[in-house]
Structure formats: structure tokens, C-alpha cells
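Summary of structural features
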Amino acid sequence: MTEGAFYQPKKTSPTALAIVVLMHGAALTALAMAKMEVITKDKLPPIIVDFIDPKKPVEPPPPAPQVQPRVQDSVVTRTPPIIDMPAPPVETEWKPLPPVTQPIPEPGPVVLPRIDPPVLAEPRKVEPARARANLASYVSDEDYPSSAARNEEQGTTRFRLGVGPNGRVTECSVIRSSGSSALDSATCRLMKQRAKFIPARNSAGEPTSDSVTSAIRWVLPE
């Protein structure tokens, strides 16, 4: 035998259903009002959505304004210069200078340095003077001094002759005496009067002065 129960649905009242709908609507309204009040209290800025046209050129932002630097006022202080006032003159007693007792030395002579003239090289002698004849041939027995003959004086007189560029004897000096002044004087006198020479020559071929040494032997004539 099978037992079963039969479920019979209850009928809903329209009044109750309307009350439930009103209650839910009031709750939703209160909740929406509360959210709007919170958003209003927070004062959120509106969200603006700007759509950019890709075909439209983008304008650059305006330049920022230049801020001029403020120049602060500066105070310049100057220190006045210090001026030194001159000291008042000191009065001193004037005294005359003592007299000069020592004499002032006179300036000495001015000694200039000696400047020797430049020495020019002279042409050297290359050819000596030569007698045109034997010097003894210029003396004869007649030239024997009479005073020397009376005193029987004889001997050899050695002499030196100076010969000029013209070949003539310019001077005569006795180097060694014969012992008789008469014989020595006669030797130089005769050589100056009679001796003739071929003058000497220098390296330029010009006649020049020279000296010749010789001797004369005096012997008493028979």
C-alpha cells in the first residue's frame, strides 16, 4: 500500500506582494541617495574625456612666463680715507759750517793711453851694396898724413860706411883705431870723398840704404 501526501500551494495576497515591492524600492532608493551624498561630499572633479583628432595638428603648449630675478637692494658702505696731516715745522737753530782747514787737492794731469801706430812691414833687403872698386885703391902714398909720417905712425884702421840709395857714402865711423888719430881721420875723409858703391836692393827691386864694413892698412912709404 502506498502512502502519499499531496502538496497544495498557498495563494499569495496581492496586498502583501505590493508591500514587499514598495519596501525593496525604498531600500534601493535610500541606498542610491546615500551613495550620491557621499560623492557630493567628496566633491570629485568631473572627468572630461577629450577625443584627439589624428588629422588635426597638435598645437604646442604656450611658453611659460619668464620670471625676472628680483634684484635685492644692497647697501654699500664706504670708509672715508684717512688723510695724514703734515706735522708742524720744527724750529732749529742755524749754525754755520766749520771752515775747511785741509786744502783741496788739485786734479792731476790726465794721462791718455799711448796708442802706437801700426807697424807696416817694410820690404827686406835682398841685395847688399857693393863697392865699384877695391876701397884700398882709393888711397895712395900721397894721401899719407905728413904728421903721421913725421911721427912714423902706421897701422890698420877698421871702419864702417853708410851707403845711401844713390850709392854715395853718407857717414863713416871708426870701429877699431890704428893707434893714430891722423890716420883714422884721413881714412874717413878719403872714403867719403872717393868711394862709390852700387846701392843695395830690397825685395821690391828698389834701391835702399845699406852699411859696409872694411879696413885700410897704412904703411910708411919707402
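Quantities reported herein were computed from a predicted structural model and do not represent experimental measurements. (Residues numbered from 1 in each chain as written. Predicted model: local features only at pLDDT ≥ 70, side-chain atom pairs only at ≥ 80, totals over all residues. Heavy atoms only, no water.)

1. A few points about the packing of aromatic side chains
Per the counting criterion, the structure on display carries one aromatic pair. Note on Y144 and W218: the rings are 5.5 Å apart at their centroids and 80° apart in plane angle, and the pair reads as edge-to-face. Within this pair, whereas Y144 is found in the loop between strand 2 (130-131) and helix 2 (146-150), its partner W218 is found in strand 8 (residues 210-218), the two being separated by 74 residues in sequence. With a relative accessible area of 10%, Y144 lands in the buried category. (Phe/Tyr/Trp six-rings, centres within 6.5 Å; stacked < 30°, edge-to-face > 60°. Helix = DSSP H or I, 4+ residues; strand = E, 2+ residues; numbered from the N terminus. Buried < 20%, exposed > 50% of the residue type's maximum accessible area, 1.4 Å probe, protein only.)

2. Section: the nonpolar core
L135, F159, L161, M191, A195, F197 and W218 are the most contacted members of the largest nonpolar core, which totals 22 residues. Of all the elements in the fold, those that place two or more residues in this core are strand 3 (155-163), strand 4 (169-176), helix 3 (181-194) and strand 8. Of the residues forming this core, the biggest block, five residues, is contributed by helix 3. Apart from residues no more than four positions distant in its own chain, L161 is found in contact with L135, V169, E171, C172, M191, F197, D210, S211 and V212. (Core = buried A, V, L, I, M, F, W, Y, C linked by side-chain atoms within 4.5 Å. Contact = heavy atoms within 4.5 Å.)

3. So, the state of the cysteines
Enumeration over the complete set of coordinates arrives at one disulfide. One disulfide in the model links C172 with C188; its S-S distance is 2.3 Å. Negative torsions about the S-S bond denote left-handed disulfides, and the value of about -60° found for C172 with C188 makes this one left-handed. A residue pair is termed long-range when its members are at least 10 positions apart, and C172 in strand 4 and C188 in helix 3 qualify at 16 residues. Of the residues examined, C188 reaches a relative accessible area of 13% and is grouped as buried. (Disulfide = S-S within 2.5 Å.)

4. So, the pairing of strand 8
Burial of the side chains of strand 8 is restricted to one face: D210, V212, S214, I216 and W218 are buried, whereas none of S211, T213, A215 and R217 on the reverse face is. As judged from the nine bridges shared by strand 3 and strand 8, these two strands associate in the antiparallel manner. Its bridge partner being in strand 8, R160 is matched across the sheet by T213. (Pairing = 2+ DSSP bridges.)

5. Side note on the side chain of S214
The residue S214 is located in strand 8 in this model. Residues contacting S214, with those up to four places away along its chain left out, are L135, T157, R158 and F159.

6. Structural notes on the sheet that holds strand 6 (residues 200-202)
As summarised here, the arrangement of the three strands in space is 1-6-7, forming an open sheet in which the pairing is antiparallel. Pairing within the sheet leaves two strands with one partner each, and these edge strands are strand 1 (125-127) and strand 7 (207-208). As judged from the two bridges shared by strand 6 and strand 7, these two strands associate in the antiparallel manner. Note on strand 7: the bridge partner recorded for A200 is T208.

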